[in-house]
Every structure is written in C-alpha cells, then in structure tokens.
Amino acid sequence: MKALVFAEVGRMEVREVPDPVLEQDNDIIVRVSSAAICGSDLHMYQGRTSAQPGMVFGHEFMGVVEKVGSGVQLLKEGDRVSLPFNIACGTCFNCCRGYFNACLSTNPKLPGGGYGYADLGPYRGGQAELVRVPFADCNALKLPGTPGDRWEDDFIMLSDVLPTGYHSCIMADVGPGSSVAIFGAGPVGYMATLSAFLLGAAEVYVVDRSEVRLNKIAELEAIPVDFSKVDPVQFILNARKENRAIQESYRPGEEKMAGVLCGIDAVGYQALDRSDPDSEKPIQVIEDLVQLVDATGSIGIIGVYFSEDPGGADQKAQQGIFNIPLGALWAKGIKVETGQAPVKRYNALLRDAIIQDRIHPGKLVSHRLRLEHGPEAYQKFVQRGTGEGAEYTKVILKPNG
C-alpha cells in the first residue's frame, strides 16, 4: 500500500509499505477515506521530537472497516468509523477512569498510545491507504453515512482536533456566560473557539498573527486579536474595560476581575516571542495568560510541550524544562490543567452534535488532496497560516482517491 513517510527533517515521501495485517483477535483493518495533517505533526516534521525517519505519520483519520478480527464483537466489515488518536485498551486502571489518553496497556514506554507519533508506541499512522486498529471495540467510533458525503469533512475532526479543542475548554472550566481568551487560531484554537460557544461562553477572544486564521475565527463570532499589531493582553483588558455594561455590573471591589475567567494555550512550546516574532519563546503564551486570567480563574494548556526537544534554545528547553511564573499563578489561585485530550470521552457526543447540525467543524477545511500531494501540503502547512501557507487552514488527504 501507499503511505506518507517521514524521510528526514522537512521532507515527507509517498512510499510503498507492507499492508497491515490482523495481529490480534481484537484488531480491525480500516481503509482510510480521509486523513488530516495535524499541527502537532509539524513538530515531528521540523525535527522537534524523537521521531525517526521511516515513520508513517498521521493520527487523524477515518474510513471503512475492511477486515475484522475474530474477537471483535461490535463492528463488522463495511462499517464507517472514526478512530481517536489515543489508542486505548478500555479496561486498564486509567481507561476505566476515563483517561483514555493515558492507557497503561498500549505503549511499553509511557502511559498512552497513539498512531504515527513520537513516543506513543509502535503503531503506524493513518496517512496511508490502510491502518491496523487494535482494541477495535473500544477505539472505533461508528459513524452514519458513506465516505465522501456531507459529513466527511466534519467527521474527520472527531479523531483529534475537535475533541481536543473541546477538552481544552473543559480544562479551562468554560461554561455558560464565561469570558475566554484562546491563544492560537490554528485548527485546535478554532475548535476550542467553536467548543467554547457550544458550552455557552459569552465572550471569546482569540490571539494569533495569521490574517486568514483570524478571519476564520471571526466567522465563529469570536473577537480576533492580531498580536503582530497589538499587545494582546492589553487589548483584551481594554476591550473589557470599555464595555460599559460590564463596568456598570461591578460592585465595589469587583473591578479587580478585569481580565477573563478562562484561558487556553492552543500554541505550545513553539510559541513566538512577541517582542521578536522571528524567534521562539516557549512560555510566551503562558506568561500572557497568567497576566490575563483573573484570580480564581482557570487555564487549559492543550498546546504540546514535550520532555524532549532537539531544537530547544538551550539545554533546559531541550529537556522540556521551562521557567513559569508560579508565584503569580499561586497568588491568583489560578487552576492549571494540561495534557492530551481523552478523545473517547467526548467523540460520540460531538458526533451527535454534528449529525444534529449543532456544529460544523468541517468549515475549517481548506484543501482536499490526494496522498501524493502530501509532501507539498506539509511544506505549506508548516508555515502556520503565513506566507505561501496562509490559505492552508486544514488539509485533508485522500489516500484512496
């Protein structure tokens, strides 16, 4: 079969690789109808992880069941399925508690397994014609319809970015009437924005520098903030200060709650230095959120921070060690939560929200390309909404045409 393979830093290749086979009774083989390029794939593509050449990338994919192991009870050939990027057994201590992102059975190295990703186990990714899915009864989410229908672009978001964006809102305690600041308008930031409104947020600010990405955010009726033009912290503080209704609602002392209650880092360790946008400052977003989030508020860090970063600015950064403003966090009593999303906790409900036309995450899709165009798509998408990659808001690959 054909698959998109990591050849070297900054280069992907379409290669012939062996077809997957059923290795366990609870496996299925899925023929992929759509596979997305994820922003977190770019960390590996740029050599910022331990990923080795020869890996088949891709943890956002969906398709149709082609083969079924003898132990699979809930699926049959021909079923249309979405696959969470977390590979979970469903029965270990963590899975039973809903932490499918930290399964103890699927990765010999660490808690948590995944498809085609550094340190998440030996599993090939979904940017390929076929994929082996272990623990299929637990992992495969059954979908209505047929490949290529009106739901295809929406359903592909269920494997990662939509549940991930939703989880970031849960971590940040977003609820009815919440004020929210989201840093990063890429796919996860977009889905966090969509999810914030789904959860009832009243006021959502989204910070980025990509005009195209911020325009997509504006379509969701969030307030875009271009950090290349304004200080985002001061912009948001001023916007709330200038809202007369908010100011008139305060009782004495409540003017101290000048920021937002909920903050989301949808950028991660490759954040840019606002004073020098050509350089990285890994904790720029965290520093901004600590200033912006009110006392007793919450921060959800869904952007990736790895314990190993060969491209880190210094030895500590290469080990994932950063100086964060813990004193300010403690003084303000801000709750901070981080980590991968447990996709299976949310994906069935988000599927049903799509079916009932409550959300349309597929509106983010800008390109649908055959697998052989994958290498070029990576070259464009890695520009993160700028330059020649400005229009590449979300790329979907079609391995089987």
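Think of each chain on its own: its residues are numbered from 1, step by step along the sequence as written. With the structure being a predicted model, the display of local features is reserved for residues of pLDDT at least 70 and the display and counting of side-chain atom pairs for 80 or more, all residues being used for whole-chain, interface and lining totals. To obtain the side-chain values, all non-hydrogen atoms of the structure were used and water was disregarded.

- Under an unreviewed UniProt entry, the protein has the name Aldehyde dehydrogenase and belongs to Geomonas limicola.
- UniProt positions are given in the numbering used here, feature names are shortened, and annotations may be inferred rather than shown by experiment. Per UniProt, the comment on the protein under Cofactor (unreviewed entry) is "Zn(2+)".
- UniProt lists a comment for the protein under the heading Sequence similarities (unreviewed entry), and it reads "Belongs to the zinc-containing alcohol dehydrogenase family."

1. What about the UniProt feature "domain: Alcohol dehydrogenase-like N-terminal" (unreviewed entry) in the protein?
Okay, so step 1: Mapped onto this numbering, the UniProt entry gives "domain: Alcohol dehydrogenase-like N-terminal" (unreviewed entry) at residues 25–138.
Okay, so step 2: Where helices and strands are cited, they refer to DSSP runs of H or I of at least four residues and of E of at least two residues respectively, numbered from the N terminus. Summarising residues 25–138: 11% helix, 26% strand, and an end-to-end C-alpha distance of 13 Å.

2. Side note on helix 6 (residues 187–198)
Okay, so step 1: Expected helix span is taken as 1.5 Å per residue step, with the number of steps being one fewer than the number of residues. Between its first and last C-alpha, helix 6 extends 16 Å over 12 residues, near the 16 Å set by a 1.5 Å rise per residue.
Okay, so step 2: Within helix 6, 10 of the 12 residues are buried, leaving the element largely enclosed by the surrounding structure.
Okay, so step 3: Pairs of residues are marked as contacts when any of their non-hydrogen atoms sit within 4.5 Å. Looking at the buried positions of helix 6, the neighbouring elements they touch are helix 5 (161–171), strand 10 (179–183), strand 11 (203–208), helix 7 (211–219), strand 13 (260–265) and helix 14 (374–381).
Okay, so step 4: Trailing helix 6 by a residue or two, Gly200 shows a phi angle of about 100°, which is positive. Classification of residues uses two cut-offs on accessible area relative to the type maximum, computed with a 1.4 Å probe and protein chains only: under 20% is buried, over 50% is exposed, and between them is partly exposed.

3. Quick look at the domain arrangement of the protein
Okay, so step 1: For each domain, the first and last residues come from an automatic or database assignment. Per the domain assignment, the segments making up the protein are domain 1 (2–160 + 342–398) and domain 2 (161–338).
Okay, so step 2: The C-alpha centroid of domain 2 is placed 27 Å from the C-alpha centroid of domain 1.
Okay, so step 3: Every contact between the two is made by 33 residues of domain 1 and, on the other side, 27 residues of domain 2.
Okay, so step 4: As a working definition, buried area equals the accessible area (1.4 Å probe) given up by two parts on being put together, with both sides summed. Overall, the association of domain 1 and domain 2 removes approximately 2600 Å² of surface from exposure, summing both partners, and the carbon and sulfur fraction of that is 64%.

4. Section: helix 7
Okay, so step 1: Those residues of helix 7 that fall on the buried side of the exposure criterion are Val212, Arg213, Leu214, Lys216 and Ile217.
Okay, so step 2: Summarising the contacts, the buried residues of helix 7 are in contact with helix 6, strand 11, strand 12 (223–226) and helix 14.
Okay, so step 3: The positive-phi residue at the C-terminal boundary of helix 7 is Glu221, with phi of around 75°.

5. A word on empty space enclosed by the protein
Okay, so step 1: In this analysis the probe radius is 1.4 Å and the grid spacing 1 Å, with only protein atoms considered; a cavity is a set of points the probe fits into but cannot get out of, a pocket is an open set with protein on both sides within 12 Å along at least five of seven lines, and lining residues have an atom within 4 Å of a point. Grid points are joined across faces, edges and corners, and a volume is the space filled by probe spheres set on the points. On inspection of all chains with the given rule, the structure shows one cavity of 30 Å³ or more.
Okay, so step 2: Empty space within the largest cavity amounts to approximately 30 Å³.
Okay, so step 3: If you trace the largest cavity, you find it lined by Ala185, Gly186, Pro187, Tyr190, Arg213, Lys216, Leu364 and Thr393.

6. Section: the sheet that holds strand 11
Okay, so step 1: Taken together, six strands build an open sheet; the order of strands is 12-11-10-13-16-17 and the sheet is parallel. Edge positions in the sheet fall to strand 12 and strand 17 (335–338), since each has one partner strand and no second. Strand after strand, the sheet turns through a mean of 20° between neighbouring axes, direction not considered.
Okay, so step 2: To get an axis, a line is fitted to the C-alpha atoms, and for a helix only the part in contact is used. The angle between two axes follows their N-to-C directions and goes from 0 to 180 degrees. Strands in contact with helix 5 are strand 13, strand 16 (293–301) and strand 17; relative to strand 16, the strand with the most contacts, it is inclined by about 155°.
Okay, so step 3: Those strands touched by helix 6 are strand 10, strand 11 and strand 13, and its axis lies near 175° from that of strand 11. We call two strands paired when DSSP finds no fewer than two bridges between them.

7. Structural notes on the pairing of strand 3 (residues 28–36)
Okay, so step 1: For strand 3, the tally of buried residues reaches eight of nine residues, placing the bulk of the element in the interior.
Okay, so step 2: Examined bridge by bridge, strand 3 and strand 4 (residues 60–68) share eight bridges and lie antiparallel to one another. Counterpart to Ala36 in the pairing with strand 4 is Glu60.
Okay, so step 3: Where strand 3 meets strand 8 (residues 130–133), four bridges bridge the pair, whose relative direction is antiparallel. Each residue of the ladder has a partner; that of Val30, found in strand 8, is Val131.

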